[in-house]
Amino acid sequence: MAAAARRGTWRTHGISVEGYRHRREGLPCQDAWHEASAGPANARVTVLAVADGAGSRPYSDQGSKLAVRLATAYYTDRVAAAPPLGDRRGNLAESARAVHRLLADTFHEVRDEFLDRTRGDGSGRPDDYATTLTVVVLAPDWLGTVGVGDGFVILRAGSEDGKPQFHLLPQPAPASEYSNETVFLTSPEAPDWIHTACVRDADVDGVFLSTDGLAQAALSSAGNPRQEPNASFATAVFRSLDNPGPDPEEDNAALANLLRSDRLTALNADDKTLLRAVRR
Amino acid sequence: MAGSWWDRDRSQDHTAPNPNVRHDAYADIDFENNAQRLPLVLCLDTSSSMAGLPISTLNDAMRMWAQELHDDVSLSASVEVAVITFGGIGVRAWRGPQMLAPGQPGTPFVPAHAFHAPQFEAAGVTLLTEALDMAMQIVAERKQELRAAGLQYYRPQICLMTDGLPTDTEGQLSDSWHRLGPVLAAEQEKRHFRLYAIGVGGISQQGLDVLRALAPAFHAHLHGFPFKQLLAMMSASANAEQKGAGDEVFEKIFHQFRTQRSAWES
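All chains use their own residue numbering, which begins from 1 and follows the written sequence. Chains carry letters and ligands carry numbers; both start at the beginning, A for chains and 1 for ligands, and go up in the order they are written. Where totals are concerned, whole chains, interfaces and linings use all residues; where local detail is concerned, this predicted model gives features only for residues with pLDDT of at least 70, and gives and counts side-chain atom pairs only at 80 or more.

- Looking at an unreviewed UniProt entry, one finds chain B named VWFA domain-containing protein and attributed to Yinghuangia soli.

- Per an unreviewed UniProt entry, the recorded name for chain A is Protein phosphatase 2C domain-containing protein, and the organism is Yinghuangia soli.

The following block contains the structure:
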């Protein structure tokens, strides 16, 4: 479940691997990722999406796949059709509001269609397809993220003393005291939990998004409740996309090995998804 | 935040530790020991009625279970075990094989990968109520410690095992457990932990009624002393917790355990 592509100004790569429990029990991976691009070469929009199907729901593997495909389809369409931000450059606050609104409105469309499709002729139960969804939009002059659930997004932007700097985009407050409980696309309260963030920063030259299976590996609590990127993890996973080897399959296998390794399994036995983009 | 542009100057910059490019491996990633924790408390009756075969069966089962935890890649990093015994010299917490003195500082929780089973001896009275009080207290304290350390956790599990009736320090039957009913109900309503209450051996109907009152959804009477199965059920429940299973899954696991089928792993 992996692919590499060169589209627009970003090189992307995504991968999902089944977690330890699913592997041991022969169950499918319930994570999914997808990416799509649209628009002319000089104003390309790339959309990245990851989803984590609920472990307790029977069709959540289908739910996560449906969610990422709907998200990439809707966001490429809506963002490519939106007026360029350049027209609003004079008013930062107004342009930010417009992007937040675009991200949230489109998310409602994605959710509505997800509920329609999983309901089918009326006999389906959308809850059986429960999944989180985290989306990143790489527009020509801004970057946005939107989602429900416990996925997360890390940016690479700027440097200090020649070393790249990593930033965890703001996350919604946890939905529960417990780390394995979150809000799903199908949750009745999901509209209240849609979380958006947007960035205008020409120095952003890398981004990755992930489901919560990699939270312990990619984030550091450093002994306090405030989470930060684990710089050694971010460095390594951006490095391998910045400087790909001659054989994409080998690169993919190396990353899959890391995600399936005992040292990552010990941190989190859940399915794992990593979707990366770096400027070419 | 919503409605404005996020600015990286608002975030704390995090510097890459190693700018040297390495294509071939991810071996230089530093991982913290920040696995999601699953606190698990075994609250065990070691009173005089457990003397002989029951206590030796329990000791053997604990040793095997400790090894099984070590061998499970995921549980070994995630589960934290604390043991409380009631019997002998009263209610005591154990940090692995070491019995803690009353008031001794430090958590009794031990990471599963480092857990070694205590060696129990059976004697004394059945201070069941006080033992459950201590279980609730150490769970609340452990959650606070985990939060302060920025660590995420699953819903803790408490497993009570007894073959008798609650007594006072003189060994006289005590009804002090009555006050625990509403407390446990409120705590579980708030989902602060999950309590299993298991009666073993020759526990009386009156003893089972106590367990039913303490853990209405998750109480059981097992014939004999099938501690190995009991501990396997705790591991199965821990697995389900890690998978984010719904309440119905825990009920199924417990039902299979209660009816002594060995199929809960399926």
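1. A closer look at unusual backbone geometry
Here is step 1 of the chain: Of note in this structure, A:D161 is not a glycine but carries a positive phi near 50°.
Here is step 2 of the chain: Tracing the backbone through its elements, the reader meets A:D161 in the loop between β7 (152-160) and β8 (163-168).
Here is step 3 of the chain: Even without glycine at this site, B:R191 takes up a positive phi of about 60°.
Here is step 4 of the chain: With respect to the helices and strands, the residue B:R191 is situated in the loop between α4 (180-189) and β8 (194-199).
Here is step 5 of the chain: A residue is called partly exposed when the number of other C-beta atoms within 10 Å of its own lies between 12 and 20, exposed at 12 or fewer, and buried at 20 or more, with C-beta atoms placed from the backbone. Overall, B:R191 belongs to the partly exposed group, with 13 C-beta atoms counted inside 10 Å. By definition, any uninterrupted DSSP run of H or I lasting at least four residues is a helix, any uninterrupted run of E lasting at least two residues is a strand, and each is numbered from the N terminus.

2. Re the sheet that holds strand β6 (residues 142-148) of chain A
All names here are of chain A.
Here is step 1 of the chain: If you walk across this open sheet you meet the five strands as β3-β4-β5-β6-β9, and the pairing is antiparallel. At either margin of the open sheet sits one strand with a lone partner, and together these are β3 (31-38) and β9 (195-199). For this sheet the average axis-to-axis angle between neighbouring strands, irrespective of direction, equals 10°.
Here is step 2 of the chain: With seven bridges joining them, strand β5 (residues 133-139) and β6 adopt antiparallel strand pairing. From the neighbouring strand, L138 faces β6, where its bridge partner is L143.
Here is step 3 of the chain: Any two residues are considered in contact once their C-beta atoms, placed from the backbone, lie within 7 Å. An axis is simply a line fitted to the C-alpha atoms; with a helix, the fit covers only the stretch in contact. Between two such axes, the angle follows the N-to-C directions and lies from 0 to 180 degrees. The sheet contacts of helix α2 (residues 60-81) involve β3, β4 (45-52) and β5, and relative to β3 the element is tilted by about 20°.
Here is step 4 of the chain: Running at roughly 140° to β9, helix α3 (residues 92-119) makes contact with β5, β6 and β9 of the sheet. Note: two strands are recorded as paired if DSSP finds a minimum of 2 bridges between them.

3. Considerations on the UniProt feature "domain: VWFA" (unreviewed entry) in chain B
Here is step 1 of the chain: UniProt positions are given in the numbering used here, feature names are shortened, and annotations may be inferred rather than shown by experiment. UniProt records the feature "domain: VWFA" (unreviewed entry) at residues 39-253 of chain B, using the numbering of this structure.
Here is step 2 of the chain: In residues 39-253 of chain B, helix accounts for 41% and strand for 20%; the two terminal C-alpha atoms are 19 Å from one another.

4. Let's talk about helix α6 (residues 231-242) of chain A
Residue and element names in this part refer to chain A.
Here is step 1 of the chain: A helix is expected to span 1.5 Å multiplied by its residue count minus one. Here α6 spans 16 Å end to end across twelve residues, near enough to the 16 Å set by a 1.5 Å rise per residue.
Here is step 2 of the chain: Extensive coverage of α6 is indicated by the burial of ten of its twelve residues.
Here is step 3 of the chain: If you check which residues of α6 are buried, you get A231, F233, A234, T235, A236, V237, F238, R239, S240 and L241.

5. Side note on the environment of A:L27
Residue and element names in this part refer to chain A.
Here is step 1 of the chain: For L27, the position within the fold is in the loop between α1 (20-25) and β3.
Here is step 2 of the chain: Residue classification places L27 among the partly exposed positions, given that 15 C-beta atoms sit within 10 Å.
Here is step 3 of the chain: Residues L27 and R239, 212 residues apart in the sequence, show an inter-C-alpha distance of 32 Å.

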